[in-house]
Amino acid sequence: MAARTSSASRKSATARKPASHRKPAKKAVAVKPGGLPEWNLADLYFGIDAPEVARDLDRIDAECKAFEADYKGKLATETSSPEGGVWLAGAVRRYEAIDDLAGRLSSFAGLIHAGDSVDPAISKFYGDVSERLTAASLHLLFFPLELNRIDDDVIERAMQAPELEHYRPWIEDSRKDKPYQLEDRLEQLFHEKSQTGYSAWNRLFDQTIAGLRFRVGNKEFAIEPTLNLLQDRSPEKRKAAAQALAKTFKANERTFALITNTLSKDKDISDRWRGFHDVADSRHLNNRVEREVVDALVASVRAAYPRLSHRYYALKARWFKKKKLAHWDRNAPLPFAATGVIPWTDARKMVLTAYGEFSPEMAGIAERFFTDRWIDAPVRPGKAPGAFSHPTTPSAHPYVLMNYQGKPRDVMTLAHELGHGVHQVLAAKNGALMAPTPLTLAETASVFGEMLTFRRLLAQTKNAKQRQALLAGKVEDMINTVVRQVAFYTFERAVHTERKSGELTAERIGQLWLGVQGESLGPAIEIKPGYETFWMYVPHFIHSPFYVYAYAFGDCLVNSLYAVYEHASDGFAERYLAMLAAGGTKHYSELLRPFGLDARDPQFWDGGLSVIAGMIDELERMG
C-alpha cells in the first residue's frame with residue numbers, strides 16, 4: 001500500500017547504482033551481516049532494457065486488440081444464449097490473463113521508479129511503459145461497460161454455469177460501479193487524458209519531493225533523513241530539521257499548491273460527470289464501504305481527541321518537564337527510552353518470532369520476503385519516502401519498500417508492511433481480478449501484524465521504564481494511525497470542498513491544515529511558525545485522495561479483532577488467515593462475521609478507541 005504518513009524516516013545508507021541498470025541474478029544473494037537488503041526485481045524483469053519487457057509490451061498491444069475484435073458489441077447477445085455462461089467465462093479468463101500481464105509490466109516500472117525517481121533513464125522508462133499500457137488498455141474499456149449493461153436476470157442465469165460462477169464476486173462487485181459509468185467514448189477520453197492529467201501531476205509530485213534537499217547545519221539531506229531528525233535525541237537537531245523542512249517547503253509552495261489545486265479540480269470534474277455527490281463518495285465506492293460507516297468512524301475519533309491525543313501529549317510534555325511541546329517534539333524519543341540503533345537482523349527476528357507465535361504459516365510466508373529479497377530497505381538518494389507493500393500481480397509476488405534507519409518505529413513499519421505482504425500472498429490464489437482487497441480490510445492485516453509484534457515485545461520487556469517507553473511508543477503509533485489520519489481526512493475534505501468555489505492559495509491551504517492540526521493535537525502541542533507548510537509532503541493527498549481513513553478503520557478494527565483473539569479458543573489463527581485468503585471475494589461485513597464483529601454498529605468504533613484510552617490510563621498510572 002501507499003507509504004504510511006505516520007511512518008518515521010530512517011537511517012541513511014550509501015547510495016548504490018540503481019538495480020534497473022544492472023543484470024540482477026535470478027537467485028537471491030545473501031545480504032552481508034548487518035547490511036540492508038535491496039530487492040531483486042528479476043522475478044518480474046531483469047532490467048529496463050530486458051528484451052522480455054519489449055516482448056511483453058508488444059504482446060499486450062496484440063492481445064488487447066484481439067480481445068476487442070473478438071468480443072466488442074457481442075456480450076449482451078452471446079450471454080443471452082443457452083451456452084452464454086461458458087462463453088462469457090472464457091472472455092473473463094482472457095481479460096484476467098491480460099490484466100495479470102499488464103500488472104507485471106506496470107508493477108516493474110512503478111517499483112523501479114520508486115527505487116530511484118530522479119534517474120532520467122528510469123523516469124523515461126516509467127513514462128513510456130505507462131503510456132504504452134494506457135494505449136493498449138483503451139481496447140479493453142468496452143468490456144466492463146458492456147458487462148454492466150447486461151440485464152440482471154440474464155447475468156444471473158449465465159452465472160449458473162460453474163465456469164462463470166467462479167467469477168461471481170468480481171462480476172457483482174463490478175456492477176456496483178454501474179450507476180457511475182459514462183458513455184463509451186467519454187470513458188475512453190477520461191482514460192486517455194489521465195496520462196496528461198492526474199498521472200502527470202502525480203509524477204511531478206514524486207519527482208519534486210525526491211529532488212528536494214534540506215540544509216540542516218552544514219549538511220544537506222533528502223526528505224527521509226530530514227524527517228528522521230524529528231526523532232533525534234537532540235532538541236536542537238529536531239528544531240533545526242523542522243525549520244529546514246519549513247524553509248524548503250516554503251520555497252516550493254507554489255508548485256505544491258498548483259499540484260493540489262489541479263488534482264482537486266480534476267477529481268471534482270470526474271465526480272461531477274460520474275454523479276458522485278460527496279467529495280469522498282468515489283473513495284467509499286472503491287473501498288466498498290458505506291458513507292455512513294465512515295462518517296460514524298470519523299465522528300467517533302474526533303469526539304475522542306480530548307481523551308486520546310490531547311491527554312497523551314499533555315502527559316508527554318510532563319515527561320519532558322514542560323507545559324507544552326513544540327510541534328517538532330511531537331515524536332521526540334522519550335527521556336527514559338532505550339538508546340541505540342536496532343540492527344536489521346534484530347528487527348527481522350522480532351517480527352518473524354511474533355508472527356511465528358501466532359501462526360507458523362504466517363511467519364513462513366513473511367520469511368520469504370527476507371530470503372528471496374522481496375524487500376528494499378536502505379535509504380538512497382532519489383528513493384521514494386515512507387514504506388509500502390506492492391502486490392504486483394498474482395503470477396509473481398509482492399515487494400516491500402521501506403527506508404530502514406534502526407528506530408523502534410521502523411520495526412513496527414516492517415511488521416506493518418509484512419502484514420500487507422502476507423495478505424497479498426494469501427489472496428493471490430483468487431487471481432488478478434479477485435485478489436485485490438479494499439483498503440479498509442487491507443490495512444487490517446498490516447495493523448494486526450504490528451499488534452502481534454508489539455504485544456510480544458511488551459511481554460518480554462521486564463524493565464519498568466522500558467515497558468513504559470514501549471507502551472508510550474505504541475500509543476504514539478496508534479495516535480498517528482487513528483487521530484492523525486482522521487485529521488488528514490478532515491483536512492482533505494476541507495480542501496476539496498473549498499476548491500469547488502475556486503483556487504486555494506498556499507497560504508489558505510496552510511490555514512486549513514493548521515485548523516485541523518490544532519484541533520487534533522490539542523493544547524499541549526505548540527504549533528510554531530513553519531508548520532503551516534507540512535501538508536506539502538504527504539503523498540496520500542496526491543496519489544490516493546481520502547485513502548487515509550482506511551488506517552483509522554484498520555486500527556480500530558484490529559483493536560476489536562485482537563480482543564477476540566485474546567479470548568478465543570483454538571482456531572482463531574486459521575479463521576484469520578482464511579479471512580486474508582478471501583482477498584476481494586467477500587464484503588468486509590461477511591469477513592468479520594465469524595469473529596462476531598459488525599463495523600456498521602455505531603458503538604463499534606468506541607470499543608476500538610477505548611483500547612487506546614486504556615493504554616493512556618496505564619501510562620498515567622505509571623507516572
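Owing to the predicted nature of the structure, the values given are computational and were not obtained by experimental measurement.

A. Quick look at the overall build of the chain. Secondary structure summary: the chain contains 29 helices and 7 strands in total. A globule of 623 residues ought to have a C-alpha radius of gyration of about 25 Å, and the chain, at 24 Å, matches this closely. Counting only C-alpha atoms and orienting by the principal axes, one finds that the chain spans roughly 75 × 55 × 55 Å. Out of the 623 residues in the chain, the part that is buried amounts to 57%. In the chain, 79% of the contacts between residues at least 6 apart in sequence involve partners at least 24 apart. Of the side-chain charges in the chain, 82 are positive and 78 negative, and the distance between the mean point of each set is 8 Å.

B. Geometry of the UniProt feature "domain: Peptidase M3A/M3B catalytic" (unreviewed entry) in the chain. Here, UniProt's "domain: Peptidase M3A/M3B catalytic" (unreviewed entry) annotation points to residues 367-606. With 59% helix and 4% strand, residues 367-606 has its two end C-alpha atoms placed 35 Å apart.

C. Region of the structure containing the environment of Pro394. Looking at the element boundaries, Pro394 is found in the loop between strand S5 (388-390) and strand S6 (399-401). Classification of Pro394 by relative accessible area gives partly exposed; the value is 27%. Among residues more than four places away in sequence, those in contact with Pro394 are Asp100, Ala428, Gly431, Ala432 and Ala435.

D. Geometry of the environment of Asp617. Secondary-structure assignment places Asp617 in helix H29 (residues 604-622). When the C-alpha positions of Asp617 and Pro381 are compared, they lie 42 Å apart, and in sequence the two are 236 residues distant. A distance of 2.7 Å separates a polar atom in the side chain of Asp617 from a polar atom in the side chain of Arg311.

E. Expanded view of the nonpolar core. Ranked by internal contacts, the top residues of the largest apolar core, which has 192 residues, are Phe143, Tyr312 and Tyr576. In contact with Tyr312, other than residues within four places in its own chain, are Trp319, Leu334, Ala472, Val475, Glu476, Ile479, Ile616 and Leu619.

F. Spatial organisation of the packing of aromatic side chains. Following the criterion strictly, the structure yields 47 aromatic pairs and no others. Plain terms: the ring middles of Phe491 and Trp513 are 5.3 Å apart, the flat faces sit at 85 degrees to each other, and that makes the pair edge-to-face. Taken together, the residues Phe491 in helix H23 (residues 483-499) and Trp513 in helix H24 (residues 506-521) connect sequence positions 22 residues apart. A relative accessible area of 3% places Phe491 in the buried class. Ring pairing ties together the aromatic residues Phe214, Phe249, Phe488, Phe491, Trp513, Tyr531, Phe534, Tyr537 and Phe541, which thus form one cluster. Lying across the ring of Phe190, Arg274 places its NZ or CZ 5.3 Å from the centre.

G. Quick look at the packing of helix H15 (residues 291-304) against H29. Contact geometry for H15 and H29: axes closest at 9 Å, N-to-C directions at 35 degrees. The handedness of the crossing between H15 and H29 is right-handed. Residues Val293, Ala296, Leu297, Ser300, Val301 and Ala304 of H15 touch H29, and the partners they reach there are Trp605, Asp606 and Leu609. Within the contact of H15 with H29, the residues separate by chemical class into 7 nonpolar, 1 polar and 1 charged.

H. Structural context of the packing of H23 against H24. Two elements in contact, H23 and H24, have axes separated by 9 Å at closest approach and are oriented at 150 degrees. In this structure, H23 crosses over H24, and the sense of that crossing is right-handed. The segment H23 lies against H24, with Val483, Arg484, Ala487, Phe488, Thr490, Phe491, Ala494, Val495 and Glu498 engaging Arg508, Ile509, Leu512, Trp513, Val516, Gln517 and Ser520. Across the contact of H23 with H24, the residue classes tally to 10 nonpolar, 3 polar and 3 charged.

I. Region of the structure containing the UniProt feature "domain: Oligopeptidase F N-terminal" (unreviewed entry) in the chain. Per the UniProt record, "domain: Oligopeptidase F N-terminal" (unreviewed entry) is annotated on residues 146-214. When the span residues 146-214 is considered, its composition is 67% helix and 1% strand, and the gap between its end C-alpha atoms is 51 Å.

J. Examining the pattern of salt bridges more closely. Here the structure, examined in full by the defined rule, presents 40 salt bridges. The partner of Asp152 in a salt bridge is Arg175, with the nearest N and O atoms 2.5 Å apart. In this pair, Asp152 is assigned in helix H6 (residues 152-158) and Arg175 in the loop between helix H8 (168-174) and helix H9 (184-193), connecting sequence segments 23 residues apart. Linked by salt bridges that have partners in common, Glu38, Asp376, Arg380 and Lys383 make up one network.

K. Layout of the sheet that holds S5. An order of S4-S6-S5 is seen for the 3 strands of this open sheet, with the pairing classed as mixed. In this open sheet, the two strands that pair with only one neighbour each are strand S4 (375-376) and S5. Where S5 lies against S6, 3 bridges are found, and the strand directions are antiparallel. Its bridge partner being in S6, Phe388 is matched across the sheet by Leu401. Strands in contact with helix H19 (residues 408-427) are S4, S5 and S6; relative to S5, the strand with the most contacts, it is inclined by about 15 degrees.

L. Geometry of unusual backbone geometry. If you check the backbone angles, Thr392 has positive phi at about 50 degrees while not being a glycine. Within the element layout of this structure, Thr392 appears in the loop between S5 and S6. Exposure remark for Thr392: the relative accessible area of 12% places this residue in the buried category. For Phe546, which is not glycine, the phi torsion reads 65 degrees and is therefore positive. Positionally, Phe546 belongs in the loop between helix H25 (540-543) and helix H26 (549-566). Residue classification places Phe546 among the buried residues on the basis of a relative accessible area of 0%.

M. Looking closely at helix H13 (residues 253-274). An ideal rise of 1.5 Å per residue puts 32 Å on 22 residues; H13 measures up with 31 Å between its terminal C-alpha atoms. Those residues of H13 not exposed but buried are Phe256, Ala257, Ile259, Thr260, Asn261, Leu263, Ser264, Lys267, Asp268, Ser270, Asp271 and Arg274. Buried residues belonging to H13 abut H9, helix H10 (198-211), helix H14 (281-287), H23, H24 and H25. A positive phi of about 95 degrees marks Gly275, the residue just after H13.

N. The arrangement of the domain arrangement of the chain in detail. Domains assigned within the chain are domain 1 (198-338 + 464-622) and domain 2 (344-460). With centres defined by C-alpha atoms, the gap from domain 1 to domain 2 works out at 20 Å. Residue-level contacts link 50 residues of domain 1 with 40 residues of domain 2. When domain 1 packs against domain 2, close to 4,000 Å² is buried across both sides, 68% of that on carbon and sulfur atoms. The interface formed by domain 1 and domain 2 holds 2 salt bridges in total.

How each quantity is defined
Residues numbered from 1 in each chain as written. Predicted model: local features only at pLDDT ≥ 70, side-chain atom pairs only at ≥ 80, totals over all residues. Heavy atoms only, no water. Helix = DSSP H or I, 4+ residues; strand = E, 2+ residues; numbered from the N terminus. Rg over C-alpha atoms; globule rule 2.2 N^0.38 Å. Buried < 20%, exposed > 50% of the residue type's maximum accessible area, 1.4 Å probe, protein only. Contact = heavy atoms within 4.5 Å. Lys, Arg positive; Asp, Glu negative; His and termini not counted. Charge placed at Lys NZ, Arg CZ, Asp CG, Glu CD. UniProt positions renumbered as here; feature names shortened; annotations may be inferred. Polar contact = N/O pair within 3.5 Å; in protein donor to acceptor, adjacent residues only side chain to side chain. Core = buried A, V, L, I, M, F, W, Y, C linked by side-chain atoms within 4.5 Å. Phe/Tyr/Trp six-rings, centres within 6.5 Å; stacked < 30°, edge-to-face > 60°. Lys NZ or Arg CZ within 6 Å of the ring centre and 35° of its normal. Axes fitted to C-alpha atoms, helices over the stretch in contact; angles between N-to-C directions. Left-handed = near helix turned anticlockwise from the far one by under 90°. Nonpolar A, V, L, I, M, F, W, Y, C, P; charged D, E, K, R; others polar. Salt bridge = Lys/Arg side-chain N within 4 Å of Asp/Glu carboxyl O. Pairing = 2+ DSSP bridges. Expected span 1.5 Å × (residues − 1). Domains from an automatic or database assignment. Buried area = accessible area lost by both parts, 1.4 Å probe.

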